[in-house]
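# Tertiary structure, described
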Amino acid sequence: MKITRKLILAFGFLLMSGMAWAKSQIVIETAKTGLVFTVGDDGRLYQSYLGKRLPAKSDYAGLPLGKEAYQAHGMEDYFEPAIHINRADANSSTLLEYRSHETKACPGGTETVIRLADPVYADEVALHFMAYADEDVFVAWSEVFNREKKAIELEKYASAMLHFYAPKYYLTQYDGDWAAEVRRHTQELYFGKKVIDTKLGARADMFAPPFFQLSIGTPATEKAGEVLVGTLAWTGNYRFTFEVDNLGALRVLGGINPYASQYRIDKGGSFRTPDFIFTLSQCGTGQASRNLHDWARKYRVKDGTGNRMTLLNNWEATYFDFNEDKLLKLIADAKELGVDMFLLDDGWFGNKYPRHSDTQGLGDWDVTAGKLPNGIGRLTDEARRQGVKFGLWIEPEMVNPKSELYEKHKDWVITLPNRKEYYFRNQLVLDMSNPKVQDYVFGVVDGLLTRYPGIAYFKWDCNSPITNIYSNYEGHDQTHLYVDYVCGLYNVLKRIEAKYPDLPMMLCSGGGGRTDYEALKYFTEMWPSDNTDPVERLFIQWGYSQVFPAKVQCAHVTSWNKDAGIKFRVNVAMMGKLGFDINLHDISAGELAYCKQSVADFNRLKPAILDGDQYRLVSPYDGNHASTMYVTKDRRSGVVFAFDIYPRYAERLYNVVLDGLDASAIYSVREINRADGSQGEARSYSGAYLMTVGLPLFTGNKLSSRVYELTAE
Ligand code: DGJ
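Residues numbered from 1 in each chain as written. Predicted model: local features only at pLDDT ≥ 70, side-chain atom pairs only at ≥ 80, totals over all residues. Heavy atoms only, no water.

### Remarks on the sheet that holds strand 35 (residues 683-686)
A sheet is described by the order of its strands in space; here six strands give the open sequence 31-32-33-36-34-35, paired in antiparallel fashion. Among the strands making up the open sheet, the edge pair consists of strand 31 (613-618) and strand 35. Going across the sheet, the axis of each strand differs from the next one's by a mean of 25°, ignoring polarity. With eight bridges joining them, strand 33 (residues 637-644) and strand 36 (residues 704-712) adopt antiparallel strand pairing. The residue bridging Phe643 from the neighbouring strand is Ser705, located in strand 36. (Pairing = 2+ DSSP bridges. Helix = DSSP H or I, 4+ residues; strand = E, 2+ residues; numbered from the N terminus. Axes fitted to C-alpha atoms, helices over the stretch in contact; angles between N-to-C directions.)

### A short note on the pattern of salt bridges
A complete count under the given rule lists 52 salt bridges for this structure. Residue Asp275 pairs with Arg300 through a salt bridge whose shortest N-O separation is 2.6 Å. Of this pair, Asp275 sits in strand 20 (residues 275-281) while Arg300 sits in helix 2 (residues 284-300); the two residues are 25 residues apart in sequence, bridging distant segments of the chain. Neither Asp275 nor Arg300 differs from the other in exposure class; each is buried. Of the charged contacts in the structure, one is a salt bridge between Glu518 and Lys521, with a shortest N-O distance of 2.9 Å. Within the structure, one salt-bridge network assembled from shared partners comprises Arg272, Asp275, Arg300, Glu518 and Lys521. (Salt bridge = Lys/Arg side-chain N within 4 Å of Asp/Glu carboxyl O. Buried < 20%, exposed > 50% of the residue type's maximum accessible area, 1.4 Å probe, protein only.)

### Let's talk about the site of the ligand
In the neighbourhood of the ligand, 13 residues make up the surrounding shell, with Asp345, Asp346, Lys459, Asp461 and Asp530 lying closest. In the model, an oxygen atom of the ligand is placed 2.8 Å from a nitrogen or oxygen of the Lys459 side chain. Between the ligand and the protein, one listed contact pairs a nitrogen atom with a side-chain N or O atom of Asp461 at 2.7 Å. Notes on the ligand: free accessible area 300 Å², of which the protein chains cover 98%. (Near = heavy atom within 4 Å. Polar contact = N/O pair within 3.5 Å; in protein donor to acceptor, adjacent residues only side chain to side chain. Areas by Shrake-Rupley, 256 points an atom, 1.4 Å probe, with all protein chains shown as cover.)

### Brief notes about the nonpolar core
In this structure, Leu214, Leu344, Trp348, Trp460 and Phe580 are the most contacted members of the largest nonpolar core, which totals 188 residues. The dominant element in this core, judged by the number of residues it contributes, is helix 8 (residues 481-499), at ten residues. The residues contacting Leu344, other than those within four sequence positions of it, are Asn314, Phe322, Leu327, Leu372, Ile376, Leu379, Phe390, Gly391, Leu392 and Trp393. Among the nonpolar cores identified, the runner-up in size contains 19 residues, and Tyr615, Leu695, Tyr708 and Leu710 belong to it. (Core = buried A, V, L, I, M, F, W, Y, C linked by side-chain atoms within 4.5 Å. Contact = heavy atoms within 4.5 Å.)

### Thoughts on the pairing of strand 23 (residues 389-394)
Along strand 23, five of the six residues are buried, which leaves the element largely enclosed by surrounding structure. Of the pairings in the sheet, the one linking strand 22 (residues 341-344) to strand 23 comprises four bridges and is parallel in character. Of the residues in strand 23, the one forming a bridge with Leu344 is Leu392. Sheet analysis places strand 23 next to strand 26 (residues 455-460), joined by five bridges and oriented parallel. Residue pairing for strand 26: Gly391 is matched across the bridge by Tyr457.

### A few points about unusual backbone geometry
With a phi close to 45°, Asn468 is a non-glycine residue in the positive phi region. Locating Asn468 in the fold gives a position in the loop between strand 26 and helix 8. Taking relative accessible area as the criterion, Asn468 reaches 11% and is therefore assigned buried. Within the chain, Asn673 stands out as a residue other than glycine whose phi angle is a positive 60°.

### Looking at the confidence of the model for the protein
For the protein, per-residue confidence averages 96 on the pLDDT scale, and 97% of positions sit at 70 or higher. When the criterion is pLDDT under 50, residues 1-23 qualifies, and its contacts beyond four places in sequence or with other chains add up to seven contacts. (pLDDT = per-residue confidence, 0-100.)

### Topic: the packing of aromatic side chains
Within this structure, the stated rule accounts for 36 aromatic pairs. The interplanar angle of 70° and the centroid separation of 4.9 Å between the aromatic rings of Phe212 and Phe240 together place this pair among those described as edge-to-face. You can see Phe212 sitting in strand 14 (residues 211-216) and its partner Phe240 sitting in strand 16 (residues 238-244), a full 28 residues away along the chain. What makes Phe212 buried here is its relative accessible area of 0%. Given the relative accessible area of 0%, Phe240 is considered buried. Their ring planes at 55° and their centres at 4.7 Å tell us that Tyr517 and Phe548 sit as a pair that is tilted. With Tyr517 in the loop between strand 27 (505-507) and strand 28 (525-526) and Phe548 in the loop between helix 9 (534-544) and strand 29 (554-557), the pair connects residues that are 31 residues apart, well separated along the chain. Among the residues examined, Tyr517 registers a relative accessible area of 0% and is labelled buried. By relative accessible area, Phe548 is classed as buried at 0%. Residue placement shows Arg87 over the ring face of Tyr121; its charged tip is 3.9 Å from the ring centre. A cation over a ring is seen here: Arg616 above Trp542, with NZ or CZ 5.9 Å from the ring centre. (Phe/Tyr/Trp six-rings, centres within 6.5 Å; stacked < 30°, edge-to-face > 60°. Lys NZ or Arg CZ within 6 Å of the ring centre and 35° of its normal.)

Here's what the structure looks like:
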């Protein structure tokens, strides 16, 4: 073909328009999801797409412009903005134009930063999107820079804003209260706003954990439907807003709750919002959960790929009523049980005000001499002698008014100077915004570890929301307190992490009052609920498993709902990070033998339960049974748990259809962990059979359970 001048010009034009396209569209992809932004002719940034990854990049060019990506307050938008800035000249409008973007590789994927700026004011906003390719997880946050001559104030500051346009939207939330955590509710969204938020401050998630599931079009099931699962990594007040507008478009905003939290940014300063983490699954909630589990273990949770210790905790065995003798016996019990660690809970500290109940002593972290005359050292020595690790409970952000700390440092306490104090669990919250308090809290951990190097683990509790909100330290910046509290906590946790990088810790907050992925950078596991009734736990573990892997969910066998029998109670706890909160002398020899066998079984099954893929097979919400299975990453082995809760008379029973197996492999399947210690006979089935026909695992018996182990032949 003769190359004419005309052709060269045409080719040049195509190249240029290609370049123009490349410049104006920003495509962020994981293996299965695409998120596309377009710079409009008006120079502003629009979200053109969030959905299944399209095979040809050129397809994205045909997308409609979409909605403005990070809506600002005060211009032509009529719905909830992502950002609202107050300025010294009383003009609180913001307009954000695209300036630049860059994408770089990061472990597991890419990080894209899109820079926006106001053409009139010198405010700048950077939108960050990390895309984890294999896990299909996005982590989004924004950063606001004040390049003005005067301070600006953030009135609203979402981490991210996402847009959807579909005929219907269904929101699933998980809410409850102390001992009634994560109860699932689903509703259709119509015009207007649905807000899930918390204003509790420290024990922020007591009524609702910071996560949700949003089904697009039809309600997602475990295995079908398009669903966005989102969570905010923030150990404080959060807010999710879902707003359907007049045209049926939905915007989703996630971020710090701006309630009573206007935040000043001084000239030259910046503010980084917390991570809004989300995954979009095209095949139901099960896949979304597995995406998050994989991502969390690999990239987020402290020691996410490491081992976890089984333990015996004294809390429900003794409550505050213990002495050295009792504890020495419990340490020996831990050894007998075969667990890795003994954990000493609340009640070991305070001398002027010994911690004999939750009414006093909190804040005075010296060992109660009358109770433990030979100190913690005697206990860690005994643990070492018995060959178990020693863990200790602390609640370092809190204080009882009846304590020496309160008497010495009332100025460190969040409390109103001119009002009667209101107490939640007889205690108050320390002012973590104050660097001196941060030093003190770090010192609690550091001091204990220095004095007692035998401590191998902490359970870090936090039993009170922030009440009587006033900080001596913040002065005129009282609206900074909720945010600075959390930042202060992170400062302390970072220092602990830097000095004791291998120290495992449990995140606890009066049960599940703290359950977020920022705290889990510093904690290896969390305590989901004080409700350890195994039937309740089936629902609680089901709820948290939507977002968190079994590895971070502590699950303890206790005496709650003894009717369920030891097998049922242990089997439920084996589906998380197994522990015991029980007096071994209150159970029979047979029950003890069962517990010991279960610890051994659990240790063998850890690669599937803690590090494998979880499949929720039968939901306790759907009837009188429940079943969950775990498969190792290589699909060579797995374990299925099946529970009959309260079956009806003559109820019809259906097979449990398994999942996640290699269809072409032959698995040897046998019942293990039977009440009498025996095992069932092994039978062989193909993966295809197990995932098509399934197994008759349910019975008509009340409160009964079975565990089946699968091994590829
Ligand atoms: C609340 C926790 O959730 C419990 O496990 C226990 O540690 C108590 N606090 C101790 O006060």
